[in-house]
Amino acid sequence: MSDSGRPVYTRILVKLSGEALMGAGDYGIDPAVIRRIAGEIQEIIHTGVQVAVVIGGGNIFRGAGLARAGMDRVTGDHMGMLATVMNALAMQDALESLGMQSRVMSGIRINQVCEDYIRRRAIRHLEKGRVAVFAAGTGNPFFTTDTAASLRAIEINADVLLKATKVNGVYSDDPVKNPRATRYTQLTFDRVLTERLNVMDATAIVMCRDNRLPLRVFNLNNPGDLTRAARGEEVGTAVTFE
């Protein structure tokens, strides 16, 4: 919140990895985890901030992985898109169980279970206080859900992209493998690209940089960090233009 008590942001987009929904499991969705995330989104909505969400599908299916094992990449990516739709429907259910209104909008046509993604309709949902959950990535193979998050955030004129991960920010190296890895509190997009830091794929980073969309990376496993990041607090790592 600002010094005046008003929200720092008007509209945010939260990027959730599919793996974040697994909790301590090896596969699928942990109901306790998705309820906690929905509860934090509810807190954000109550402050007057509009919230959109992009969810990956890695907890169910990862197309690129099977492509490396010999499956046709386009087929694998289409299967991965369907996995994100499943996760988005689960998130919608968790949000609505708390009394919030939510709409799932898909980048591929699947009208019997959710809406098609239409930019103006998505913005209208947000303006009415509904949580817009964007599924199926960009609707195209070869593009990650990180790129989809950047694209959707730019399309809906979000003030910031909040990327939820399993670690509390961006490190100089993998902190699990290298205990001496340094955590950055702030970076520029150019430095992320030059040093090939593991934040998001290069396409997503370039889109954020060129469209002046700030990015914050934080640990979703820390209860309350999503809410704090949405309030503009110094959580995780901020990635900016300069």
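The text that follows walks through the structure, step by step, so that each part is easy to find. Bear in mind the structure is a predicted one, so any value in this text is a computation, not a measurement.

1. A few points about the packing of helix α1 (residues 31–46) against helix α3 (residues 73–97)
Here is step 1 of the chain: The N-to-C vectors of α1 and α3 enclose an angle of 60°; their axes lie 9 Å apart at closest approach. As judged from the angle between their axes, α1 and α3 are oblique. As α1 packs across α3, the resulting crossing turns out to be right-handed. Residue-level contacts link I34, I37, A38 and I41 of α1 to A90, M91, A94 and L95 of α3.

2. Description of helix α4 (residues 119–127)
Owing to its 3.6 residues per turn, the α-helix aligns residues three or four sequence positions apart on the same side.
Here is step 1 of the chain: When we look at burial in α4, the residues that qualify are A122, I123, H125 and L126. On an axial view of α4, the arc spanned by its buried residues comes to 155°, and they lie on one face.
Here is step 2 of the chain: Each element contacted by the buried residues of α4 is listed here: β1 (11–16), β2 (50–55), β3 (102–106), β4 (115–116), β5 (131–135) and α5 (145–155).
Here is step 3 of the chain: Backbone geometry just downstream of α4 places G129 in the positive-phi region, at approximately 85°.

3. Quick word on α5
Here is step 1 of the chain: Of all 11 residues making up α5, eight are buried, and the element is well covered by its neighbours.
Here is step 2 of the chain: Buried residues along α5 sit against β1, β2, α3, β5, β6 (160–165) and α7 (202–210).
Here is step 3 of the chain: Sitting at the head of α5, T144 places a side-chain oxygen 3.3 Å from the backbone nitrogen of D146.
Here is step 4 of the chain: Positive backbone phi, approximately 60°, marks N157, located one or two places after α5.

4. Quick word on the packing of aromatic side chains
Here is step 1 of the chain: Within this structure, the stated rule accounts for two aromatic pairs.
Here is step 2 of the chain: Between Y117 and F134, the aromatic rings sit 5.3 Å apart at their centres with planes inclined by 85°, giving edge-to-face as the arrangement. Residue Y117 is located in the loop between β4 and α4, and its partner F134 is located in strand β5; the two are separated by 17 residues in the primary sequence. Here Y117 and F134 have matching classes, each one buried.
Here is step 3 of the chain: With centroids separated by 5.8 Å and ring planes inclined at 35°, the aromatic side chains of F189 and F241 adopt a geometry described as tilted. Remark: F241 occurs in the segment after β11 (237–240) and F189 occurs in helix α6 (residues 189–194); sequence separation between them is 52 residues.
Here is step 4 of the chain: Classification of F189 as buried rests on a relative accessible area of 0%.
Here is step 5 of the chain: Residue classification places F241 among the partly exposed positions, given a relative accessible area of 26%.
Here is step 6 of the chain: Over the ring of Y117 we find R152, and its NZ or CZ is 3.7 Å from the ring centre.
Here is step 7 of the chain: When the ring centre of F241 is taken as origin, the NZ or CZ atom of R212, which lies over that ring, is 4.2 Å away.

Calculation criteria
- Residues numbered from 1 in each chain as written.
- Predicted model: local features only at pLDDT ≥ 70, side-chain atom pairs only at ≥ 80, totals over all residues.
- Heavy atoms only, no water.
- Axes fitted to C-alpha atoms, helices over the stretch in contact; angles between N-to-C directions.
- Helix = DSSP H or I, 4+ residues; strand = E, 2+ residues; numbered from the N terminus.
- Parallel < 35°, antiparallel > 145°, perpendicular 65-115°, else oblique.
- Left-handed = near helix turned anticlockwise from the far one by under 90°.
- Contact = heavy atoms within 4.5 Å.
- Buried < 20%, exposed > 50% of the residue type's maximum accessible area, 1.4 Å probe, protein only.
- Arc of directions from axis to C-beta.
- Polar contact = N/O pair within 3.5 Å; in protein donor to acceptor, adjacent residues only side chain to side chain.
- Phe/Tyr/Trp six-rings, centres within 6.5 Å; stacked < 30°, edge-to-face > 60°.
- Lys NZ or Arg CZ within 6 Å of the ring centre and 35° of its normal.

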